[in-house]
Amino acid sequence: MDIELMYQENILDHYKNPRNLGKIENATVHHHEKNPLCGDELDMFLVIDKNSKITEVKINPKGCAISVASASMLSEELKGKGIDDVEKMTKENILKTLGIPISPVRLKCALLSLDTLKNSALIYGRYVKK
Amino acid sequence: MQQTKTILDVEQIRKDFPILNRKIHNKPLVYFDNAATSQKPSVVIDAIKNYYEQSNANVHRSIHQLGEEATEAYEKSREKIAGFINADSSQNIIFTKNSTEALNLLAYSLTSSLKKGDEIVISQLEHHSNFVPWQQLAKQKGLNLKFIEINKNIELDKESIKKNITKKTKIVSVGHISNAIGTINPIEQITKIAHENGALMVIDGSQAAPHMPLDMEKINSDFYVFTGHKMLGPTGVGVLYGKKELLENMQPFLYGGEMINEVKFEGTTFNQLPWKFEAGTPNIAEAIGLGIAIDYLQKVGMGGIHEHDKELTEYAMEKLSKVRDVAIYGPKERGPIISFNVKGVHAHDVSQILDSEGVAIRAGHHCCMPLMGVIGVAATARASFYLYNTEEEVDVFIKAIDKVKKVFGV
């Protein structure tokens, strides 16, 4: 694997300056996910309106470059998306957004963001949207 | 012993390990993940192949030539292990799957006679395998689990040892060398304190048995466990050493074939030591392979291996401590393990970039999540050395760290 390809400029930029960093006090859903294998963590705060559309996103990621960049890039795509759109998202979407070769052992790092988002949507569907 | 670079003939030793010829991403393999598992010499690989090609049969029960050969080789391996750690006899040696199984055996069997409120003492440094079994059994049986704390150097705090081990303590279980940090624990002192308080002493020697001469008579612990695959042997075979009178009075952990004396509809009597603890067909080829690994280690010499590993670790510590923006965890005096982080770079990324230079290290919490919490890091990168590693390889490793810094702009 070409290591410079994996750690290309935009990945490192997202890692060092994650977009939408912070928290939302009155978030519709706040979810924390952890990858026990490597200790990567992600907090995701979503404000979701009555039409089940995401209007605001904040994240607080802790982890490796791949997991942080993945969360940062995903957060940029979420505003204006409906929860139904989130439910349709797949791992291929995330890998395409990342745009770098991901080896099988690093897949968990890359997909922590998607797991967090999917579980946030699940929590929203089960406990919030009534 | 001569304190020079030529303690071991490493060039010759390297020829015995076929995997060291491998190229990783077109670069020579530098294998620094020995605390996870060691590589295997040809003699061990051949012994396993030879067993299956020439002597494969079940042990102890088969009255035919192959059965006898298999049994003899299996039991000879047990004797070699007894000799390797200076145990009284091969009756003190029980084959398990690994250290984890040996520790589970002890946790189940030793707590069966304990009462609510009895105390077990472990330490903050322990691997999950010497942590979770005690924690879970303490929960089930209402026992108190206490922890010897670490000091700023990530060594066991002397006062905390004395404070935690009391007359209420029934079992003390600590590691000999920390797998996450490399700290060498004062196990003989702790054993003495445990015994003064009437407690049993268990030592997890997984990271010590591969690297130093061991003498059970001198250490005097009641139990000592280690695993074969970290000391040139195959996976799937570990060792539980125990004092005979204690083992004799313990309840078996696994029930089944081989471990019985007589089975009737009304009840069962158990086999004598050590077979009482070895239910079912054991990992015969692996146990034989471990015996051959021990032959190899003894031929090279455990004293020499210890000196070599120590010097190489000192060399690596000196080089790595000179690299800016690298934090090293733990004391200066340590086993052949260096746990570190590069500022602003997650250990996984360090490991990934090192791999691109052919250097294999470990990154993560090293199965020591409580310890990582105490130190205040999510993960560390860990380089660990063995008899076939060289100073030249350390230099490649240091250069690869520079690459990590370059890629991340540290």
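A few points on the structure. (Residues numbered from 1 in each chain as written. Chains lettered and ligands numbered in written order. Predicted model: local features only at pLDDT ≥ 70, side-chain atom pairs only at ≥ 80, totals over all residues.)

### Considerations on the pairing of strand β8 (residues 200-204) of chain B
Regular strands have side chains that alternate between both faces of the sheet. Residues and elements named next belong to chain B. Note the following rule: The exposure label follows from counting other C-beta atoms within 10 Å of a residue's C-beta, where the C-beta atoms are placed from the backbone and the thresholds are 20 or more for buried and 12 or fewer for exposed, leaving partly exposed in between. Runs of E in the DSSP output that reach at least two residues are strands. Runs of H or I that reach at least four are helices, and both are numbered from the N terminus. The criterion for strand pairing is that DSSP finds at least two bridges linking the strands in question. Look down the strands so they point away from you; if the path from the first strand over the helix to the second goes clockwise, the crossover is right-handed.
The element β8 is largely enclosed, with a buried count of 5 among its 5 residues. Across 5 bridges, strand β7 (residues 169-175) lies against β8 in parallel orientation. Bridge pairing in β8 places Ser-173 opposite Val-202. This β-α-β element, β7 to helix α7 (residues 187-196) to β8, shows right-handed connectivity. As paired strands, β8 and strand β9 (residues 223-227) are joined by 3 bridges and run parallel to one another. Bridge pairing links Ile-203 to Tyr-224 in β9.

### Considerations on the sheet that holds strand β13 (residues 326-329) of chain B
Residues and elements named next belong to chain B. Where we set the bar: Helix axes are fitted to C-alpha atoms over the stretch in contact, other axes to C-alpha atoms as well, and angles between N-to-C directions run from 0 to 180 degrees. Here contacts are defined at the residue level, using C-beta atoms placed from the backbone and a cut-off of 7 Å between them.
Across the sheet, which stays open at both edges, the 4 strands sit in the order β13-β14-β17-β16 with antiparallel pairing between neighbours. With one partner strand each, in any of the chains shown, β13 and β16 (362-364) form the two edges of the open sheet. In this sheet, neighbouring strand axes are inclined to one another by 30° on average, regardless of whether the strands run parallel or antiparallel. As paired strands, strand β14 (residues 337-342) and strand β17 (residues 380-384) are joined by 4 bridges and run antiparallel to one another. The partner of Ile-337 across the bridge, within β17, is Ser-384. Sheet contacts for helix α12 (residues 347-356): β14, β16 and β17; angle to β16, the most-contacted strand, approximately 160°.

### Considerations on the packing of helix α2 (residues 9-16) of chain A against helix α3 (residues 65-78) of chain A
All names here are of chain A. Heads up, the rule is: For classification purposes, angles smaller than 35 degrees are called roughly parallel, those larger than 145 roughly antiparallel, those between 65 and 115 roughly perpendicular, and all remaining angles oblique. Under the convention adopted here, Pro, Cys and the residues Ala, Val, Leu, Ile, Met, Phe, Trp and Tyr are nonpolar, Asp, Glu, Lys and Arg are charged, and Gly plus all remaining residues are polar.
Running from amino to carboxyl end, α2 crosses α3 at an angle of 85°, the nearest separation of the two axes being 8 Å. The angle between α2 and α3 places the two elements in the roughly perpendicular class. Two secondary-structure elements touch here, α2 through Ile-11, Leu-12, His-14 and Tyr-15 and α3 through Ala-65, Val-68, Ala-69, Ser-72 and Met-73. Here the contact of α2 with α3 is composed, by residue class, of 7 nonpolar, 2 polar and no charged.

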